[in-house]
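Topology and contacts: notes
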Amino acid sequence: MDLNSKIYVAGHRGLVGSAIVRNLQSKGYKNIICKTHKELDLTNQQAVREFFENERPEYVFLAAAKVGGINANNTYPADFIYINLMIQNNVIKAAHDFNVKKLLFLGSTCIYPKMAPQPIKEEYLLTGALEETNEAYAIAKISGLEMCKFFKRQYGDNFISCMPTNLYGPNDNFDLKSSHVLPALIRKFHEAKVNKNDTVEVWGTGTPLREFLYVDDMADACVFLMENYDGEQHVNIGTGEEVSIKELAETVKEVIGFEGELVFNTDMPDGTPRKLTTVEKLHGLGWNHKISLREGIELAYNWFLENYK
Ligand code: GFB
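From a predicted model like this one, the values you see are computed outputs, not experimental measurements.

Okay, the environment of Val 21 next. Here Val 21 is to be found in helix 1 (residues 15-26). Placed 12 residues apart in sequence, Val 21 and Val 9 show a C-alpha to C-alpha distance of 7.1 Å. Apart from residues no more than four positions distant in its own chain, Val 21 is found in contact with Val 9, His 12, Ile 32 and Cys 34.

Here you go:
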């Protein structure tokens, strides 16, 4: 990519898409195209083809997706598989038909088998059964990753994929039913503190282990891969460090200054017990994350205080 390359960021208002736009702008890229969901419905093949035909983007970050936490995935599997397959198929095929120079597809580390050996290497993909709570989303994301691989293999398209771990930061979803754990805990602890409640409810047993990457680090890794990686295999993006949900909740509690107790609601699912990724491949390419979990939670809470209505 050069600074005047025409770059399309699909999903520019979301957690990852907005961070990618910030990162590109900070690096001096000037020609970034974005379309809101209302301006361009990515599940509509004809609309996507017309957009690519008219705009002719040279580089595409495919960060648009239907995403959500464990409860959303568990409740709406048909929506997660249908909408994500439609978005991916339309954008990847149009990128091929209209000669996009390079496309980066964003997946998630939930694509790996529930009981994959930890930490999870890229080659463990499709070696075992998936986690039930997010199987629909995982199958959609695996399909997108494989489609990029096969378009590269059959047509020589430079379509690459990355599999990020759990992400958080500015423009996150703070809705308590559909969000991921970290934004949910930030909102729960904040509201409990303001309302002087005695307890905060944490879903599950608190024992699952998760890895968290601040979204501005994620965006930097995406731009790094677009600039430096052309391989067929997908690349894990993470920190290589994990915490238990209980430890995470205690850290958020401390950052926000809530004085009450945690209550664990075991009627809610734990999901996969662990999904720690190896990031050796990414480190080997020359990229490392910068923002620690504690610092990231402080940054995310500050954003929440300034922006969440
Ligand atoms: O972040 P989360 O919703 O998704 O849940 P996953 C992580 C863990 O946090 C689970 C627990 O064990 C939850 O039970 N948890 C505790 C909570 N309190 C809460 C809460 O208030 N809200 C939420 N949401 N969780 C997702 C996949 O799995 O990871 C997606 O479903 C995607 O497809 C995403 O891959 C990155 O980490 O379990």
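A few words now on helix 7 (residues 215-228). Helix length check: helix 7 (14 residues) gives 20 Å between terminal C-alpha atoms against 20 Å at 1.5 Å per residue, within 8%. Within helix 7, 11 of the 14 residues are buried, leaving the element largely enclosed by the surrounding structure. Of the residues making up helix 7, those classed as buried are Val 215, Asp 217, Met 218, Ala 219, Asp 220, Ala 221, Cys 222, Val 223, Phe 224, Leu 225 and Met 226.

With that settled, consider the site of the ligand. Of all residues adjacent to the ligand, which total 22 residues, the nearest are Ile 70, Ser 108, Lys 188, Pro 269 and Asp 270. In this structure, Val 181 approaches the ligand through a main-chain N or O atom, which is 2.9 Å from an oxygen atom. With respect to the ligand, the backbone of Asp 270 contributes an N or O atom lying 2.5 Å from an oxygen atom. Bound to the protein, the ligand loses 98% of the 690 Å² it would expose on its own. Where the shell around the ligand is concerned, the elements lending two or more residues are helix 3 (70-75), helix 6 (181-194) and strand 7 (199-203). Tallying contributions element by element places helix 6 first for the shell around the ligand, with 3 residues. Here the residues of the shell around the ligand are counted per class, giving 10 nonpolar, 8 polar and 4 charged.

It is worth spelling out the environment of Val 279 at this point. Relative to the helices and strands, Val 279 resides in the loop between strand 12 (261-265) and helix 9 (280-285). Residues Val 279 and Asp 2, 277 residues apart in the sequence, show an inter-C-alpha distance of 27 Å. Once residues within four sequence positions are removed from consideration, Val 279 is found in contact with Asn 236, Ile 237, Gly 238, Thr 239 and Gly 240.

Next up on the list: the packing of helix 6 against helix 8 (residues 245-256). Two elements in contact, helix 6 and helix 8, have axes whose closest approach is 9 Å; the angle formed by their N-to-C orientations is 45°. Between helix 6 and helix 8, the interaxial angle falls into the category oblique. Crossing geometry of helix 6 relative to helix 8 is assigned as right-handed. Contacts between helix 6 and helix 8 involve Val 181, Leu 182, Leu 185, Ile 186, Phe 189, His 190 and Lys 193 from the first element and Ile 245, Leu 248, Ala 249, Val 252, Lys 253 and Ile 256 from the second.

For the rest of this paragraph, the subject is the packing of aromatic side chains. Within this structure, the stated rule accounts for 13 aromatic pairs. Ring centres 6.2 Å apart and planes at 15° place the aromatic pair Phe 174 and Trp 303 in the stacked group. Placement of Phe 174 in the loop between strand 6 (166-168) and helix 6 and of Trp 303 in helix 10 (residues 293-307) is noted, with a sequence separation of 129 residues between them. When the ring centre of Phe 80 is taken as origin, the NZ or CZ atom of Lys 66, which lies over that ring, is 5.0 Å away.

Right, let's talk about the pairing of strand 3 (residues 59-62) for a bit. Burial along strand 3 is two-sided: Tyr 59 and Phe 61 and Val 60 and Leu 62, pointing in opposite directions, are all buried. When strand 1 (residues 7-10) meets strand 3, the two strands line up parallel, connected through 4 bridges. What sits directly across from Ile 7, in strand 3, is Tyr 59. As defined by bridge partners, strand 3 adjoins strand 4 (residues 102-106) across 4 bridges and the pair is classed as parallel.

The linkage connecting Gln 118 with the following residue, Pro 119, adopts the cis geometry, with an omega of -5°. Inspection of the secondary structure puts Pro 119 in the loop between strand 4 and helix 5 (135-155). Residues other than glycine seldom take positive phi values, yet Arg 56 does so here, at roughly 50°. One can find Arg 56 in the loop between helix 2 (45-55) and strand 3. In this structure Arg 56 comes out as partly exposed when scored by relative accessible area, which is 42%.

Helix-helix packing is characterised by the crossing angle of the two axes and by the distance between the axes. Between helix 1 and helix 7, the shortest axis-to-axis distance is 8 Å and the interhelical angle comes to 65°. At the point where helix 1 passes helix 7, the crossing takes the right-handed sense. On helix 7, the residues that touch Leu 15, Val 16, Ala 19, Ile 20, Arg 22, Asn 23 and Leu 24 of helix 1 are Val 215, Asp 216, Met 218, Ala 219, Asp 220, Cys 222 and Val 223. A class-by-class count of the residues in the contact of helix 1 with helix 7 yields 10 nonpolar, 1 polar and 3 charged.

This part takes up the nonpolar core. Grouped together as the largest cluster of nonpolar side chains are 39 residues, with contacts concentrated most on Tyr 8, Leu 42, Phe 52, Leu 62, Val 91, Leu 103 and Phe 105. For this core, the secondary structure elements donating two or more residues are strand 1, helix 2, strand 3, helix 4 (77-97), strand 4, helix 5 and strand 5 (159-164). In terms of residues, this core owes the most to one element, helix 5, which gives 7 residues. For Leu 62, the contacting residues outside a window of four places in its chain are Ala 10, Ile 87, Gln 88, Val 91, Ile 92, Leu 104, Phe 105 and Leu 106. Of all hydrophobic cores here, the second largest spans 33 residues; its members include Ile 20, Tyr 29, Cys 222 and Phe 224.

Conventions adopted
- Residues numbered from 1 in each chain as written.
- Predicted model: local features only at pLDDT ≥ 70, side-chain atom pairs only at ≥ 80, totals over all residues.
- Heavy atoms only, no water.
- Helix = DSSP H or I, 4+ residues; strand = E, 2+ residues; numbered from the N terminus.
- Contact = heavy atoms within 4.5 Å.
- Expected span 1.5 Å × (residues − 1).
- Buried < 20%, exposed > 50% of the residue type's maximum accessible area, 1.4 Å probe, protein only.
- Near = heavy atom within 4 Å.
- Polar contact = N/O pair within 3.5 Å; in protein donor to acceptor, adjacent residues only side chain to side chain.
- Areas by Shrake-Rupley, 256 points an atom, 1.4 Å probe, with all protein chains shown as cover.
- Nonpolar A, V, L, I, M, F, W, Y, C, P; charged D, E, K, R; others polar.
- Axes fitted to C-alpha atoms, helices over the stretch in contact; angles between N-to-C directions.
- Parallel < 35°, antiparallel > 145°, perpendicular 65-115°, else oblique.
- Left-handed = near helix turned anticlockwise from the far one by under 90°.
- Phe/Tyr/Trp six-rings, centres within 6.5 Å; stacked < 30°, edge-to-face > 60°.
- Lys NZ or Arg CZ within 6 Å of the ring centre and 35° of its normal.
- Pairing = 2+ DSSP bridges.
- Core = buried A, V, L, I, M, F, W, Y, C linked by side-chain atoms within 4.5 Å.

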